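# Coordinates in review
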Amino acid sequence: MRRGALAVLALATLPGAMPTGTLDVRISELRSTKGVIRLCLTADPKNFPGCTNDRNAVTRTFPAQAGGVRIAGLGRGDYAVSVIHDENNNAKLDTFAGIPREGFGFSRNPVIRFGPPKFSAAEFPLAGDVTMQQVRIRYLL
C-alpha cells in the first residue's frame, strides 16, 4: 500500500503530470500594424503589470500584424495579461509627461483610471483546455 502511494506521488511530480491548459490572446483595436506587441502573463499580483521580478512570468513578443498569440502548457490557475503596442520597437512603453504614447491593454479589459489596473481587475481563471482572452488596445495620446 505504501509503495503504491509513493508511486502516485512520484507520478504527480513529473513534468507534464499536472493538468495544463492553453491561452489564446487576441489583440484588437490597434491603430497601426507597425512594431511589435509585448505581452506579459503572470499569476503573481505583486509583479503585475510589468513582470519585472517574476521568474515564473511568461513573456512573448510578436509582430503587431499577427493579431494574437497562443501560449500552451500553462498550469491551471488564475492569471492576468498586460500588453503594450511597442510601435517603434524600442522595448519600452514610451510616455510623455507620464502618459503612455503607445497603446496598452489588459486581460478582461478593465476600466482604466489613473495608472494600471490592479491584478484582480485583469485576473481570469485558466481552468479548461483552451481559454481565450480578447485584449482591446487603448491609446491616450
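In case you missed it, the structure is sitting above this.
Scope of this entry: the structure provided in the associated data block. Each residue is numbered by its place in its chain's sequence as written, counting from 1. Selection of residues for local features in this predicted model requires a pLDDT of at least 70, selection of side-chain atom pairs for listing and counting requires 80 or more, and totals for whole chains, interfaces and linings are taken over all residues. As a rule here, side-chain values cover all heavy atoms of the structure and leave hydrogens and water aside.

## Things to note about the layout of surface pockets
How we decide: The way it works is a 1 Å grid over only the protein atoms, where trapped points that fit a 1.4 Å probe form a cavity and open points with protein on both sides within 12 Å along at least five of seven lines form a pocket, and then any residue with an atom within 4 Å of a point lines it. Grid points are joined across faces, edges and corners, and a volume is the space filled by probe spheres set on the points. Where helices and strands are cited, they refer to DSSP runs of H or I of at least four residues and of E of at least two residues respectively, numbered from the N terminus. Basically, the charged four are Asp, Glu, Lys and Arg, the nonpolar ten are Ala, Val, Leu, Ile, Met, Phe, Trp, Tyr, Cys and Pro, and anything else, Gly included, counts as polar.
There is about 480 Å³ of room inside the largest pocket. Looking at the largest pocket, it is lined by 24 residues, and the ones nearest its centre are Pro49, Val83, Ile84, Leu93 and Phe104. Listed by contribution, the elements that provide at least two residues to the lining of the largest pocket are strand S2 (36-42), strand S3 (58-63), strand S5 (77-86) and strand S8 (103-106). Here the lining of the largest pocket is composed, by residue class, of 14 nonpolar, six polar and four charged.

## Some points on the environment of Val69
Under the convention used in this document: Under the scheme applied here, a residue whose accessible area is under 20% of the maximum for its type counts as buried, over 50% as exposed, and between as partly exposed, the area being computed with a 1.4 Å probe on protein chains only. Any pair of residues with heavy atoms lying within 4.5 Å of one another is described as a contacting pair.
Summarising the element assignment, Val69 is placed in strand S4 (residues 68-75). Exposure remark for Val69: the relative accessible area of 14% places this residue in the buried category. In this structure the C-alpha to C-alpha distance between Val69 and Val25, which are 44 residues apart in sequence, comes to 5.4 Å. Look past the residues within four positions of Val69 in its chain and what remains in contact with it is Leu23, Asp24, Val25, Arg26, Leu39, Arg60 and Phe62.

## Description of unusual backbone geometry
Backbone phi values are negative for most residues with the exception of glycine, while trans is the configuration of most peptide bonds. In this structure, the amide linkage connecting Phe48 to the following residue, Pro49, adopts the cis form with an omega of 10°. One can find Pro49 in the loop between S2 and S3. The phi torsion at Cys51 lies on the positive side, around 60°, for a residue other than glycine. Tracing the chain through its elements places Cys51 in the loop between S2 and S3. For Asn109, which is not a glycine, the phi torsion comes out positive at approximately 45°. Mapping Asn109 onto the fold places it in the loop between S8 and helix H2 (119-122).

## A look at the pattern of salt bridges
Here is the rule: Every case where a carboxyl oxygen of Asp or Glu lies within 4 Å of a side-chain nitrogen of Lys or Arg is listed as a salt bridge.
As enumerated under the stated definition, the model contains four salt bridges in all. Between Asp24 and Arg70 there is a salt bridge whose closest N-O contact spans 2.7 Å. Of this pair, Asp24 sits in strand S1 (residues 20-28) while Arg70 sits in strand S4; the two residues are 46 residues apart in sequence, bridging distant segments of the chain. The class for Asp24 is buried, based on a relative accessible area of 8%. A salt bridge links Asp129 to Arg76, with the nearest nitrogen and oxygen atoms 3.5 Å apart. Of this pair, Asp129 sits in the loop between strand S9 (124-126) and strand S10 (130-136) while Arg76 sits in the loop between S4 and S5, and the two are 53 residues apart along the sequence.

## Brief notes about the packing of aromatic side chains
What counts, and what does not: Pairing of aromatic rings covers Phe, Tyr and Trp, the last through its six-membered ring, and needs centres within 6.5 Å; plane angles under 30 degrees mean stacked, over 60 mean edge-to-face, and all others mean tilted.
One pass over the structure, following the stated rule, counts three aromatic pairs. Measuring from ring centre to ring centre gives 5.8 Å for Phe48 and Phe119, while their planes differ by 85°; the resulting arrangement is edge-to-face. Taken together, the residues span a long stretch of sequence, with Phe48 in the loop between S2 and S3 and Phe119 in helix H2 at a distance of 71 residues. For the pair Phe48 and Phe119, a shared accessibility class is recorded, and that class is buried.

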